[in-house]
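Now for the letters of each chain:
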Amino acid sequence: MKPRVEIEFCTACRFTPRAGWLAQELLFTFGEDLGEVALVPSTGGVFEVRCDGTTLWSRKSDGRQPDAKELKQRLRDHIDPGRSLGHSDR
């Protein structure tokens, strides 16, 4: 079964565009290696990215939103540690 990624984001904080952009970046990089990338609207300032229930990024814990490079690296480390991300590894 392929991994499921969830991006939970606060709509009141206007995090919708960033959540959509990061979903696009993950799909572009990992393509068919992912089973799904789900956008989960929420409130309360949340911005969390989870893969199969494991939190990869939390705005609350990490103190900010991720950039694409960091998020791709964390997802890669979770689902396929040996995979090269090309320029995102530099």
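Residues numbered from 1 in each chain as written. Predicted model: local features only at pLDDT ≥ 70, side-chain atom pairs only at ≥ 80, totals over all residues. Heavy atoms only, no water.

With an unreviewed UniProt entry as reference, the chain is termed SelT/selW/selH selenoprotein, source organism Thioalkalivibrio nitratireducens.

1. Some points on the overall build of the chain
Each helix and strand counted, the chain has three helices and four strands in total. Reading the secondary structure of the chain in the N-to-C direction produces β-α-β-β-β-α-α. In summary, the chain has a C-alpha radius of gyration of 12 Å against a globular reference of 12 Å for 90 residues, a match within 12%. Over its C-alpha atoms, taken along the principal directions, the chain stretches across nearly 35 × 30 × 20 Å. When burial is assessed residue by residue, the chain has 40% of its 90 residues classed as buried. Relative to all contacts within the chain whose residues are 6 or more apart in sequence, the contacts with residues 24 or more apart total 64%. When the accessible surface of the chain is split by element, carbon and sulfur atoms take 48% of a total near 5200 Å². Averaging the locations of the 14 positively and 14 negatively charged side chains of the chain gives two centres separated by 5 Å. (Helix = DSSP H or I, 4+ residues; strand = E, 2+ residues; numbered from the N terminus. Rg over C-alpha atoms; globule rule 2.2 N^0.38 Å. Buried < 20%, exposed > 50% of the residue type's maximum accessible area, 1.4 Å probe, protein only. Contact = heavy atoms within 4.5 Å. Areas by Shrake-Rupley, 256 points an atom, 1.4 Å probe, with all protein chains shown as cover. Lys, Arg positive; Asp, Glu negative; His and termini not counted. Charge placed at Lys NZ, Arg CZ, Asp CG, Glu CD.)

2. Observations regarding the pattern of salt bridges
Pairing between side chains of opposite charge can happen when the charged atoms of each approach one another. Scanning the entire structure with this criterion turns up 10 salt bridges. In this structure, the salt-bridge partner of E6 is R50, at a minimum N-O distance of 3.0 Å. Of this pair, E6 sits in strand 1 (residues 4–10) while R50 sits in strand 3 (residues 47–51); the two residues are 44 residues apart in sequence, bridging distant segments of the chain. Since its relative accessible area comes to 21%, E6 is described here as partly exposed. We classify R50 as buried; its relative accessible area is 15%. Residues R83 and D33 are paired through a salt bridge, measuring 2.6 Å at the closest nitrogen-oxygen approach. Pair noted here: R83 is in the segment after helix 3 (68–79) and D33 is in the loop between helix 1 (16–30) and strand 2 (36–42), with a separation of 50 residues, a long-range link. (Salt bridge = Lys/Arg side-chain N within 4 Å of Asp/Glu carboxyl O.)

3. A look at the side chain of Q65
Structurally, Q65 is set in the loop between helix 2 (59–62) and helix 3. Exposure remark for Q65: the relative accessible area of 18% places this residue in the buried category. Within the structure, Q65 has its side chain in polar contact with the side chain of R18 (distance 2.9 Å). Apart from residues lying up to four places away in sequence, Q65 is in contact with F15, R18, F47, W57 and R59. (Polar contact = N/O pair within 3.5 Å; in protein donor to acceptor, adjacent residues only side chain to side chain.)

4. Re the nonpolar core
Of all hydrophobic cores here, the largest spans 21 residues; its most connected members are V5, I7, L26, L34, F47, V49 and L75. Within the residue set of this core, elements represented by two or more residues are strand 1, helix 1, strand 3, strand 4 (54–58) and helix 3. Sorting elements by how many residues they give to this core places helix 1 first, with five residues. (Core = buried A, V, L, I, M, F, W, Y, C linked by side-chain atoms within 4.5 Å.)

5. Quick look at helix 3
Under the 1.5 Å per step criterion, the end-to-end length of helix 3 is 16 Å for 12 residues, consistent within 8% with the ideal 16 Å. Of all the positions in helix 3, only A68, L71, K72, Q73, L75 and R76 are classed as buried. Its side-chain oxygen 3.2 Å from the backbone nitrogen of K69, D67 forms the N-cap of helix 3. (Expected span 1.5 Å × (residues − 1).)

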